[in-house]
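One letter stands for each residue in the lines below.
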Amino acid sequence: MKYIYKPNAYIIDYEKGKKVFQFDKNGEYVTKDEKLIKWMKKNKNFIKCENNVATIKCKKCGAEFTNKGDFLVHCREKHPKRK
Ligand SMILES: [Zn+2]
């Protein structure tokens with residue numbers, strides 16, 4: 001998950017009174033920590049986030065893929081070009 005907020009801003013856990021993480025100079029912070037992602041959702045829901053796993057959507061049937069290889073296989077199998 002990628003979080004987008006003010007550059008160099010700190011995220012503080014007020015319950016525990018400690019710093020959780022800090023955004024970089026571009027105002028971005030990327031994590032794969034499931035616990036942190038859950039915590040963010042519960043406590044810092046105002047911070048914009050985006051799934052940093054880019055998805056590729058098939059224009060022909062709407063199926064989504066997380067990697068280009070799978071998408072190409074899908075196109076080849078499901079939507080073969082006419083010769
Ligand atoms: Zn398709």
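For the structure itself, consult the block above.
Here we summarise the structure given alongside this text. (Residues numbered from 1 in each chain as written. Predicted model: local features only at pLDDT ≥ 70, side-chain atom pairs only at ≥ 80, totals over all residues.)

Topic: the overall build of the chain
Threshold: Working definition: helices are DSSP H or I runs of at least four residues, strands are E runs of at least two. Numbering for both runs from the N terminus. Atoms counted for the radius of gyration: C-alpha only. Globule rule: 2.2 Å times the number of residues to the power 0.38. Counting other C-beta atoms within 10 Å of a residue's own tells you its class, since 20 or more makes it buried, 12 or fewer makes it exposed, and anything in between is partly exposed; those C-beta atoms are placed from the backbone. Note on contacts: each residue gets a C-beta atom placed from the backbone, and two residues are in contact if those atoms are within 7 Å.
The number of helices and strands found in the chain is 2 helices and 7 strands. Put simply, the chain runs from its N terminus to its C terminus through helices and strands in the order β-β-β-β-α-β-β-β-α. Whereas a compact globule of 83 residues would reach a radius of gyration of roughly 12 Å, the chain reaches 19 Å, over 25% beyond that. Overall, the chain is about 65 × 25 × 20 Å in size when its C-alpha atoms are taken along their principal axes. Out of the 83 residues belonging to the chain, those deemed buried represent 4%. In the chain, once contacts between residues fewer than 6 apart in sequence are set aside, the share between residues at least 24 apart is 33%.

Section: the pairing of strand β3 (residues 18-22)
Rule in force here: Two strands pair under a simple rule: DSSP has to find at least two bridges between them.
Counting buried residues along β3, only 0 of its 5 residues qualify, which leaves the element largely exposed. Of the pairings in the sheet, the one linking strand β2 (residues 10-13) to β3 comprises 4 bridges and is antiparallel in character. Bridge pairing in β3 places Asp-13 opposite Lys-18. The antiparallel pairing of β2 with β3 creates a hairpin that spans 4 residues between the two strands, and Gly-17 there sits at a positive phi of about 65°.

Thoughts on the environment of Val-20
Relative to the assigned elements, Val-20 resides in strand β3. Sequence spacing of Val-20 and Leu-36 is 16 residues, and the spatial spacing of their C-alpha atoms is 8.8 Å. Setting aside anything within four residues of it in sequence, one finds Val-20 in contact with Ile-11, Ile-12 and Asp-13.

Describing unusual backbone geometry
Even without being a glycine, Asn-8 presents a positive backbone phi close to 65°. Mapped onto the secondary structure, Asn-8 falls in the loop between β1 (2-4) and β2. For Asn-8, a count of 11 C-beta atoms within 10 Å corresponds to the exposed category.

From the geometry alone we can't say anything about function, so treat these as descriptive.
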